[in-house]
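Here's the letter readout for the chains.
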Amino acid sequence: MEFGVLALQGDFREHRISLEKLGADVSEVRLPEHLDGLDGLILPGGESTAIGKLMVAYGLLDAIREFGQTRAIWGTCAGAILLSKDVGTNQALLGLMDITIERNAFGRQLDSFVIDLPVPFLEPSQPDYHLTFIRGPIITQVYGQAEPLMTLPDGRIIAARQRKLLATSFHPELTSDLRFHRYFMEMAQSQSET
Ligand code: GLN
């Protein structure tokens, strides 16, 4: 399987390392032609406004929209914001997922936190997952074809899936736990339904 990591800004290197540990071929995507032949793409954490502007500048907004019609995309944090249809402000978005996002929903950088939670769809016999939030977003609405996947104990949604599209508010790439990356690789492998 061939995977790409959008490498315009943010923590794309960490995603690359996680996928490589699982044996995937990984390349960095900076131009539309870099998407050719990929089975899946990761949009990393970073600053969604900066990544969005660079996507527009390099012609990647339309190219990734098209890619996401048939192939897998996973957005972590800023990447999840970019997958959404609405963040309540005017910034470049892919608009691929039927989700609404509230950016920086937990406050400022200093309010970043980690929480350990069980993730039943990821090999439930394993230990809790160490979830890292860095000025992360909350998914405030999930509608249409999207489904909520994970919530915090207070009910706020932190992960959603729509066909082969996955959005998480947190950063599995900043841990050594590869279960989310494996889950994404399996998603990318599953039969395509559009
Ligand atoms: N706060 C950033 C944004 O709104 C996301 C932060 C992150 O990706 N860790 O784009």
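See the structure printed just above.
Let me sum up the structure you'll find in this document. (Residues numbered from 1 in each chain as written. Predicted model: local features only at pLDDT ≥ 70, side-chain atom pairs only at ≥ 80, totals over all residues. Heavy atoms only, no water.)

## Brief notes about the site of the ligand
Consideration 1: If you check the shell around the ligand, you find Gly-45, Gly-46, Glu-47, Ser-48, Cys-77, Ala-78, Ile-81, Arg-103, Asn-104, Ile-134, Arg-135 and His-171 and nothing else.
Consideration 2: For the ligand, an oxygen atom lies 2.6 Å from a polar atom in the side chain of Arg-103.
Consideration 3: Look at the ligand: alone it shows 300 Å² of surface, and the protein chains cover 96% of it.
Consideration 4: Under a 2 Å grid-point criterion requiring more than half of the atoms, the pocket assigned to the ligand is the largest pocket.
Consideration 5: For the shell around the ligand, the per-class residue count stands at four nonpolar, five polar and three charged. (Near = heavy atom within 4 Å. Polar contact = N/O pair within 3.5 Å; in protein donor to acceptor, adjacent residues only side chain to side chain. Areas by Shrake-Rupley, 256 points an atom, 1.4 Å probe, with all protein chains shown as cover. 1 Å grid on protein atoms, 1.4 Å probe; cavity = no way out; pocket = protein on both sides within 12 Å on 5 of 7 lines; lining within 4 Å. Sits in = over half its atoms within 2 Å of the grid points. Nonpolar A, V, L, I, M, F, W, Y, C, P; charged D, E, K, R; others polar.)

## A closer look at the nonpolar core
If you look at soluble globular proteins, the nonpolar side chains tend to sit buried side by side.
Consideration 1: Membership of the largest hydrophobic core comes to 32 residues, with the highest contact counts inside it found for Leu-6, Leu-43, Met-55, Ile-64, Ile-73 and Leu-94.
Consideration 2: Take this core: its biggest share by element is five residues, from helix H4 (residues 78-83).
Consideration 3: Beyond its immediate sequence surroundings of up to four residues, Leu-94 is in contact with Leu-43, Met-55, Leu-61, Ile-64, Arg-65, Leu-82, Leu-83 and Ser-84.
Consideration 4: Formed by 31 residues, the second largest nonpolar core is a distinct cluster that contains Ala-7, Val-119, Phe-170 and Phe-184. (Core = buried A, V, L, I, M, F, W, Y, C linked by side-chain atoms within 4.5 Å. Buried < 20%, exposed > 50% of the residue type's maximum accessible area, 1.4 Å probe, protein only. Helix = DSSP H or I, 4+ residues; strand = E, 2+ residues; numbered from the N terminus. Contact = heavy atoms within 4.5 Å.)

## Here's the deal with the pattern of salt bridges
Between side chains of opposite charge, pairing is possible as soon as their charged atoms come close.
Consideration 1: Across all of its chains, the model carries nine salt bridges by this definition.
Consideration 2: Two residues, Arg-16 and Glu-20, come together in a salt bridge whose shortest N-O distance is 3.0 Å. Highlighted residues: Arg-16 and Glu-20, both in helix H1 (residues 12-21), separated by four residues, approximately one helical turn.
Consideration 3: Judged by its relative accessible area of 24%, Arg-16 falls in the partly exposed class.
Consideration 4: On the basis of relative accessibility, which here comes to 35%, the residue Glu-20 falls in the partly exposed class.
Consideration 5: The residue Arg-103 makes a salt bridge to Glu-47 at a minimum N-O spacing of 2.8 Å. Taken together, the residues Arg-103 in the loop between strand S5 (99-102) and strand S6 (113-117) and Glu-47 in the loop between strand S3 (40-43) and helix H2 (48-57) connect sequence positions 56 residues apart.
Consideration 6: Taking relative accessible area as the criterion, Arg-103 reaches 23% and is therefore assigned partly exposed.
Consideration 7: Accessibility expressed as a relative area gives 26% for Glu-47, which makes it partly exposed.
Consideration 8: Linked through salt bridges whose partners overlap, the residues forming this network are Arg-16, Glu-20, Glu-28 and Arg-30. (Salt bridge = Lys/Arg side-chain N within 4 Å of Asp/Glu carboxyl O.)

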